[in-house]
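# Observations on chain architecture
The residues making up each chain are set out below.
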Amino acid sequence: MSNQSTSVMSKPEPTKVASVKSMRIALKLIANDAASLAQAANGANGSLHANNNAFAAIKPCSLAETLGATAIPLEIDVSSLDGTSTTATNLNMSFRDYLAQAIERIEQQQTVLLSHPALPYRLLMMPAIVAAKHRCHPHAYLTGMGEGHELSDAVQQALTQAKRAHVSPTQIDATHCTSYKDKFFELIQLIGHLATRSLPTENNSENNRTNKQYWFSEMHQSRVASFNFIEAEMQHAVVFVQGTELAQASSLLDNTRLFFPISASTVSGIQQQLTQLQSQLNAIINTNTSAAINVNHSTLLALMLNNLNQFDHQAGKAAVIMGNSIETACSEIETMLAMLSTSDTLASSPSEVEYKTPSGSCLILTANEPLGTNGLCFVYPGVGTVYPQMFSQLPRFFPDLYAQLERDGDVKAMLQADSIYADNAKVTDMSLGELAIAGVGASYILTKVLSEYFNVKPNFAMGYSMGEAAMWASLGIWKQPHSMIEATQTSTIFTTDISGRLDCVRQAWQLNQSDDIVWNSFVVRATPADIEAVLTQYPRCYLAIIQGDTCVLAGCEASCKALLKQIGKRGIAANRVTAMHTAPAMLIHREVAQFYQQALHHNEQLEQTAQIKFISAASSQPINVSSLDIATSIADTFCQPLNFTELVNNARKLGAKLFVEIGADRQTTTLIDKIARTSPTVSEPCQAIAVNAKGGDDQTALLKCIAQLISHKAPVSLTCLTQGLANLLASTLKFEVNNLQADATLAPQLEGEQS
């Protein structure tokens, strides 16, 4: 239904309706097929391109379209509202007046369609009870309106009407907008933000439009926004609350994130598949008369979707081509083919080939059992790996996951959002407890992404230091891991015993509370023997961690520096106060065990993790899944010196081969690779990969991890990729059709102007 339809009702008169009374008004965005998206892209406040904007995440809804077809389209004299009219007709009608007209109709149990011809989305408005009756989930609710000479008065009036006077809403400033079009654009933008749970920002740059920050809310509290504008020298505020309809997940793949898995039973089969893919990509470019940047996106997306659907998980060999453009992908194919043609992989006895590129393309050929078949091990990093703005892109790709996390607990606290996502955030300002909580939260989310969206199930699991606690929390063993957030923030274990004023250290060193302790830890490239040879001379120094070719020395800063000078080594200061893995920590071993003795899930839930062998630094054998055994294991790891080298080698002896780091950044990935290269006791091949990497984007890092899992033949479901790509392809086809229609309409007009 076009938003330019003429209403049968007479022209509305200005109204003074300023109350939503006791009812909530349900709001739903509906795509306007009659409007050109290309035209809108050049309209108010930036682009609405389907590939780049949150509007692409608005799910098509046939029910909403049906309701919209019977709704009353308010007859809007756009020219007068936008200040372009040459007549006096409706000059007194304002944006607020049209909202009031809509509300008046809705209070009569009618459905209203509000729109602007130049914008690609209409706003369907109806009583909330009508939406519920038709099971039409709204994107937002309008719950209150207010006006006054002062903005604060208008906002408070609207909040009181909305029965949310105690709330501090997010302020949406539309006071700079003078035309109906601009105000309506800001309004539908806000509703889009509520649907996508993305925080509105004043800076509407391309970067902000594509990498929006998640709109965190207090636990079990809806997001509330006040939409503020000025008309007739009065301040107006309209209160909106999030609806029950979530935005559609954005596709992990698009025309700038190409992902082509290749499968075959032989190396020559891989070569044939690569050559065929290269021809298909070149054909897309060759069918375009313009430059490669103007490639028909739908053709490329369709090729990628078809490739994913045809991928054979059972084939003996697999490769993945990744790139940010067709040209890059073709170059990746060319390089991989050249590598295959110059190696001995086609000989009767294939050699071991491990091929990876910076773009993410990879190919693993082996005569042995692939590493991912039965040797997949999830590795959980320790404290201090989190970083500012981590995972900022993930919510738009996994909105259902974040919604579920909000239902289960406090996501804002779980990720320590006030610190991690603050402007100019510095993790160095976070306490040990805050770092621990955020680290576990990061691991928890990535575990859910891999296990629930890609169906990746590990055979083994282990943790580095406090990562052992993250392991039990993330893999569905503990029944209520969210309940530990507040406990971690308040427990003396983290606030004063082994951090803060270091009460354990004071007790061990027999110091008073008034005595100063200057504590630090240093990463030093040295063998344990180098340090242990002189360690007894420094009773306030501790060999806390052994990790490959480096060690971590902790304790009195002056003593640590003196020890390092004596052995002729340089240390990198961590500048973090924690006495974990030192002798003083053993003084609270019992308290740590009690803290981590948590209730476990019911047996039905635990059966889903029965295939996992849980490995601890405190034992050479997998840990029994019982509350007491888990708590004791964590306490042993927490309080005793950590030998990560021994933990990795023990995991390999038990059968772990492919280590996947589940957490922020890649703390353990580099360590494991170094340990594997230098271990004299374990000769079995192994490799470590990370799901995330500081400094890169979350999307690419995740795709690179999935690509390597595929090439190592780990069982991976690609449904998440195909579903997202299918949705993107549908919206892209619609976008391209609208553009063609717009071009067809515009061409005769331009021809007439030129004649």
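The sections below set out a description of the structure shown in this document. Source: prediction; values computed, not measured.

## Concerning the packing of helix α27 (residues 644-654) against helix α28 (residues 667-678)
At a minimum axis separation of 10 Å, α27 and α28 run at an interaxial angle of 70 degrees. Taken together, the axis directions place α27 and α28 in an arrangement best described as roughly perpendicular. In this structure, α27 contributes Phe 644, Thr 645, Val 648, Asn 649 and Arg 652 to the contact, and α28 contributes Thr 668, Leu 671, Ile 672, Ile 675 and Ala 676. Along the lines of polarity and charge, the residues of the contact of α27 with α28 split into six nonpolar, three polar and one charged.

## A closer look at the pattern of salt bridges
Tallied over the entire structure, the rule returns twelve salt bridges. We note a salt bridge from Glu 147 to Arg 96, for which the minimum N-O separation is 3.5 Å. Taken as a pair, Glu 147 in strand β5 (residues 140-148) and Arg 96 in helix α4 (residues 95-106) lie far apart in primary sequence, 51 residues in all. Between Asp 549 and Arg 525 there is a salt bridge whose closest N-O contact spans 2.4 Å.

## Focus on the nonpolar core
Phe 259, Phe 454, Met 462, Tyr 596, Phe 659 and Leu 709 are the most contacted members of the largest nonpolar core, which totals 163 residues. Counting residues per element, this core draws most heavily on helix α17 (residues 432-453), at eleven residues. Apart from residues lying up to four places away in sequence, Tyr 596 is in contact with Met 466, Ala 469, Trp 478, Met 484, Phe 494, Ala 631 and Ile 634. Formed by 39 residues, the second largest nonpolar core is a distinct cluster that contains Leu 114, Leu 123, Ile 191 and Val 238.

## Brief notes about the packing of aromatic side chains
Taken as a whole and assessed by the stated rule, the structure comprises 19 aromatic pairs. Between the aromatic rings of Tyr 180 and Phe 184, the centroid separation amounts to 5.8 Å while the plane-to-plane angle is 10 degrees, which identifies the pairing as stacked. With Tyr 180 and Phe 184 both in helix α7 (residues 180-196) and four residues apart, the pair spans about one turn of that helix. Each member of the pair, Tyr 180 as well as Phe 184, is classed as buried. Judged by centre distance (6.2 Å) and plane angle (80 degrees), the ring pair of Phe 494 and Phe 638 falls under edge-to-face. In this pair, Phe 494 is assigned in helix α20 (residues 492-497) and Phe 638 in helix α26 (residues 627-639), connecting sequence segments 144 residues apart. The exposure class assigned to Phe 494 is buried, which follows from its relative accessible area of 3%. Each member of the aromatic cluster is reached from another via a ring pair, and the members are Phe 95, Tyr 98, Tyr 180, Phe 184, Phe 227, Phe 229 and Phe 240.

The rules behind each value
- Residues numbered from 1 in each chain as written.
- Predicted model: local features only at pLDDT ≥ 70, side-chain atom pairs only at ≥ 80, totals over all residues.
- Heavy atoms only, no water.
- Axes fitted to C-alpha atoms, helices over the stretch in contact; angles between N-to-C directions.
- Helix = DSSP H or I, 4+ residues; strand = E, 2+ residues; numbered from the N terminus.
- Parallel < 35°, antiparallel > 145°, perpendicular 65-115°, else oblique.
- Contact = heavy atoms within 4.5 Å.
- Nonpolar A, V, L, I, M, F, W, Y, C, P; charged D, E, K, R; others polar.
- Salt bridge = Lys/Arg side-chain N within 4 Å of Asp/Glu carboxyl O.
- Core = buried A, V, L, I, M, F, W, Y, C linked by side-chain atoms within 4.5 Å.
- Buried < 20%, exposed > 50% of the residue type's maximum accessible area, 1.4 Å probe, protein only.
- Phe/Tyr/Trp six-rings, centres within 6.5 Å; stacked < 30°, edge-to-face > 60°.

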